[in-house]
Amino acid sequence: MSTQHHQQKALFLQSKQGKFVVSPRDIPKPGNGEVLLKIHATALNPVDYKIQQHGIFVEKYPAILGADAAGVVEAIGDGVHTFVKGDRIFAHGLLENDKATFQQFNITVADFAAKIPATLSYEQAASIPLGFDTASTGLYGKSNGAGIIPPWEAEAKGLYAGKPIVILGGSSSVGSYAIQLARLSGFSPIITTASPQHKTYLQSLGATHILDRHLSPSELVDSGNKIIQLSKADLHVVYDAISIKETQQIGWELLSSERPGKLILTLPPVVEKKENDKREAISTYGSPHAPQNRELSKGAWKQLEVWVDNGEIQPNNIDVLPNGLEGIIGGLERLKQGEVSGTKLIAHPQETA
Ligand SMILES: NC(=O)c1ccc[n+]([C@@H]2O[C@H](COP(=O)([O-])OP(=O)(O)OC[C@H]3O[C@@H](n4cnc5c(N)ncnc54)[C@H](OP(=O)(O)O)[C@@H]3O)[C@@H](O)[C@H]2O)c1
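The structure displayed is predicted, hence computed values, not measured ones.

Trainee: Looking at this model, I keep getting lost on the overall build of the protein. Mind explaining?
Mentor: Of regular secondary structure, the protein possesses nine helices and 16 strands. Here the C-alpha radius of gyration of the protein, 20 Å, is about what a compact globule of 353 residues would show, namely 20 Å. Projected onto the principal axes, the alpha-carbon positions of the protein cover approximately 65 × 45 × 35 Å. Within the protein, buried positions represent 55% of all 353 residues. Contacts in the protein between residues far apart in sequence, at least 24 positions, make up 68% of those at least 6 positions apart. Separation of charge centres in the protein, based on 33 positive and 36 negative side chains, amounts to 1 Å.

Here's what the structure looks like:
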């Protein structure tokens, strides 16, 4: 780090349900297993506006939010052997002021970071961490997921060939990574719901059947069941990336109450389990830093570096916001209004006035 650089700018949520304001703060120093990252791109996620709107998840204010970062390694902490100063990396941040990503520099945990291949921009790389990790913990997590064997383990790539999977909300960030991981795990057919304009894109990621998400719940359940019957297989896993009441109900009805099926959710469950119901509804938690995810996510990030390099995992489509960190405020409003379709909003912290 150059010596004249002691301060940076960060976007602070000033108080619970308060205002976002850009202010200066010190550049932190990396500890054991950490690096200092100069953040060139950060992505916006629905959780960032939900924290502001509902006052959830964060207790210490002023707080810096943001979980997705891509940039350049500026300094290396002890015990980090995977990166050197100057590497272009992307990483999953954490809701602690030194480790969150709506700022110009953060402390990045090396285990949940990977090199950016020359084929990807910072903006594209920043679209990956939270969406990918949530898909990964939901499919492969033992305690908060479907417990599927991850495709990076020995002989496990393609292991679920011929088994169907349904991913509700395929054009969402989480949904797009769930489709790609399902493809790498071998699932077929991969049935998803989205607005029709995303059909070609979702097929390119590996979805085999795309149903219009505006169909009525009964039409969606019927169509899904027909495709599964045609493939002569039983459905055991539904990943509901959206997890509002309506989609949870669709996912629940697609699963038979007489078989041990799993409905994976990104929000708390609202479905009702009947007596002797063999179905389960499981909420996942996408942070690799959480104790229950650490081992799984370490393996996932090692493999992710290979997959982004060879193109087996594609980043989201991106939409870059103007005005650096300030631009995040308007971007979160667009996310809240449901105006973001099939794309990840990205900000450039270094362009903050
Ligand atoms: N538990 C966790 O750890 C965790 C982690 C990450 C995210 N989440 C939650 O997971 C949800 C998804 O996050 P995200 O970042 O992936 O969202 P996102 O990318 O912002 O989602 C936008 C997409 O949602 C789709 N969509 C909206 N309503 C739908 C419906 N009824 N059926 C199918 N698709 C629908 C839209 O599809 P079209 O444009 O095609 O219409 C749009 O492309 C959010 O609620 C988020 O808070 C939880």
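Having put the structure on the table, let's press on.
Trainee: What's the story with a nonpolar patch on the surface in this structure? I'm lost.
Mentor: Judged by side-chain polarity, Ile56, Phe57 and Leu95 come together as a nonpolar surface patch covering roughly 290 Å² of accessible area. When you line up the elements, Ile56 lands in the loop between helix H1 (46-54) and strand E4 (63-64). Judged by its relative accessible area of 31%, Ile56 falls in the partly exposed class.

Trainee: For this particular structure, what's the right way to read the pattern of salt bridges?
Mentor: Two side chains carrying opposite charge are able to pair once their charged atoms lie near each other. Applying the stated criterion across every chain, the model contains eleven salt bridges. Residue Glu59 is joined to Lys16 by a salt bridge in which the shortest nitrogen-to-oxygen separation is 3.2 Å. Placement of the pair is Glu59 in the loop between H1 and E4 and Lys16 in the loop between strand E1 (7-13) and strand E2 (20-26), with a sequence separation of 43 residues. Here Glu59 falls in the exposed class, since its relative accessible area comes to 62%. The class for Lys16 is partly exposed, based on a relative accessible area of 39%. Linking Glu333 and Lys336 is a salt bridge whose minimum nitrogen-to-oxygen distance equals 3.7 Å. Residue Glu333 and its partner Lys336 are located together in helix H9 (residues 327-336), separated by three residues, close to a single helical turn.

Criteria and thresholds
Residues numbered from 1 in each chain as written. Predicted model: local features only at pLDDT ≥ 70, side-chain atom pairs only at ≥ 80, totals over all residues. Heavy atoms only, no water. Helix = DSSP H or I, 4+ residues; strand = E, 2+ residues; numbered from the N terminus. Rg over C-alpha atoms; globule rule 2.2 N^0.38 Å. Buried < 20%, exposed > 50% of the residue type's maximum accessible area, 1.4 Å probe, protein only. Contact = heavy atoms within 4.5 Å. Lys, Arg positive; Asp, Glu negative; His and termini not counted. Charge placed at Lys NZ, Arg CZ, Asp CG, Glu CD. Patch = residues over 30% accessible without salt bridge, like charges linked within 9 Å, V, L, I, M, F, W, Y side chains within 5 Å. Areas by Shrake-Rupley, 256 points an atom, 1.4 Å probe, with all protein chains shown as cover. Salt bridge = Lys/Arg side-chain N within 4 Å of Asp/Glu carboxyl O.

Everything listed here is a matter of coordinates, which is why it stays silent on function.
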